[in-house]
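Residues per chain are reported as follows:
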Amino acid sequence: MATTKIHQIAPHAKTNGTHRASSSNSRNGSRNGSRKASRNGSHTNWGPSTTAIHYGEKKHGVGTNVGTAISRTSTFTFSDTAEMKRWAEGKSDAYIYTRYGNPTLTIAQDKIAALEGAEAAMVTASGMAAISSALLSVLSAGDEVISTYQVYGGSYRLMRDMFPRLGITVRHVESDLEGIEDLLTPRTKALYIETPTNPTLRLVDLRKAVAFAKRHNLVSMIDNTFASPALQKPIELGFDLVMHSATKYLSGHSDIIAGAVAGRADLIKKVRDCVIYLGGSMDPETAFLLIRGMKTLGVRIEKQCDTALKVAKFLEKHPKVARVHYPGLKSHPDHKLASQQMKNFGAMLAFDLKGGLPAARRFCDRTRIFLLAVSLGGVESLVVLPIYTSHYNMSLEELRKASVEPGTVRVSVGLEDPDDLIEDLRQALA
Ligand code: PLP
């Protein structure tokens, strides 16, 4: 639950069927609400599932929607030109245009902020919109960022291919953060990490990373997609900004592209400016699906973690499998760290086949329940070859640094019955 100031959705004044916004995130990025309880749809002592289901939504009273209303509009009315002038002068928080804010987006933002224990949050059109807007809100030409090697391929390529053109230097560190002090320069502004890593599920020590960032006055940023706030709360440990591909566990049904950034209100305000300038704003329909998905995050993750452990144990014993990468296994090099900083071990795993790439391709071509598809975090179990997908267009040296073997198979464990999944693995490996 949120430990710092939580911002709440303010009731929307409804005039002639039109939402007149007085809510957070419409202009100023966030607004901190009072610690009121219960019937206003916000409570600071709720557990994560109650928060995901009820937080930020005012539901009591006669004839109120129980389902979340979609503000299916691009633009909003002003009451009069005086209100328009107030908005132009920065004195009004009214919703004016959906790229700037929308009541349905605000509900998603408030839930994500509460789940992450953050002061504020911003939703975006994709995970990459969240990551690029967050990084560009912190970094300017001449600045440097230290990033772990093992990050999502898209984030790596953004920093490798685009940042040099913007005059931003990226320095890389291994996930154990060994030698990180040597990478500091007077221009270093931020530390960017991802844990568990994609695709080989190594862990970065969150406490160590935060201590380093605080010691050197850097903005600490983490991609929390693989864990989700159900398993890992970096803000409670001191991180400044948490990013998500909300396409994955937060929404959970493989039916939207979405992103989110949560964190300190002053930083989220800058992220919001970037999203508005670059245009990576979320659509209200997408926000609705994200909100609906988040309501079952807790039960989905719990079940998916249980199944992932069963799948990992099965694979670990299989004679054709060389190595299983799953932090829940005692054989995993970061098992102890995972037990310390995560509530459970997640539903992503990877494994290397003894037969290398040909064996990995044969396996992926033979699964019947596991779908051969990129992405993760949905109810459907998926398999994928990282060298052809998330880590395409990388040299052998880059793949080595990202710990990706040609024969690495990445698995996203869904919500199917565990016995069916294991049977499918058995027949595909036979
Ligand atoms: N972060 C991680 C860990 C991912 O796996 C992905 C996508 O696969 C992203 C970020 C990018 O998210 P999106 O595809 O929603 O832009």
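This text gives an overview of the structure that appears in the document. (Residues numbered from 1 in each chain as written. Predicted model: local features only at pLDDT ≥ 70, side-chain atom pairs only at ≥ 80, totals over all residues.)

Some thoughts on the packing of helix H3 (residues 103-116) against helix H8 (residues 284-294)
Part 1 of the argument: Interaxial distance between H3 and H8 falls to 8 Å at its minimum, and their mutual angle equals 35°. The handedness of the crossing between H3 and H8 comes out as left-handed. Along the contact surface, H3 presents Thr-104, Leu-105, Ile-107, Ala-108 and Lys-111, while H8 presents Pro-284, Ala-287, Phe-288, Leu-290, Ile-291 and Met-294. (Axes fitted to C-alpha atoms, helices over the stretch in contact; angles between N-to-C directions. Helix = DSSP H or I, 4+ residues; strand = E, 2+ residues; numbered from the N terminus. Left-handed = near helix turned anticlockwise from the far one by under 90°. Contact = placed C-beta atoms within 7 Å.)

Quick look at helix H5 (residues 153-162)
Part 1 of the argument: Listed in full, the buried residues belonging to H5 are Gly-153, Ser-155, Tyr-156 and Met-159. The buried side chains of H5 occupy one side of the element, clustering within an arc of 165° when seen end-on.
Part 2 of the argument: Those residues of H5 that are buried lie in contact with helix H4 (127-138), strand E4 (144-148), strand E5 (169-173) and strand E7 (219-223). (Buried ≥ 20, exposed ≤ 12 C-beta atoms within 10 Å, placed from the backbone. Arc of directions from axis to C-beta.)

Some thoughts on the site of the ligand
Part 1 of the argument: As a matter of local geometry, the ligand sits amid 15 residues, with Ser-126, Gly-127, Tyr-152, Ser-245 and Thr-247 nearest to it.
Part 2 of the argument: For the shell around the ligand, the residue count by class is four nonpolar, nine polar and two charged. (Near = placed C-beta within 6 Å. Nonpolar A, V, L, I, M, F, W, Y, C, P; charged D, E, K, R; others polar.)

Quick notes on the nonpolar core
Part 1 of the argument: One finds Ala-121, Val-123, Ala-134, Ala-260, Val-261, Leu-290 and Leu-349 to be the most contacted residues of the largest nonpolar core, which totals 114 residues.
Part 2 of the argument: When we break this core down by domain, the ones giving at least three residues each are domain 1 (13-294) and domain 2 (297-429).
Part 3 of the argument: Ignoring sequence-local partners within four residues, the contact set of Leu-349 consists of Leu-201, Ala-308, Val-311, Ala-312, Val-324, His-325, Tyr-326 and Val-411. (Core = buried A, V, L, I, M, F, W, Y, C linked by C-beta atoms within 7 Å. Domains from an automatic or database assignment.)

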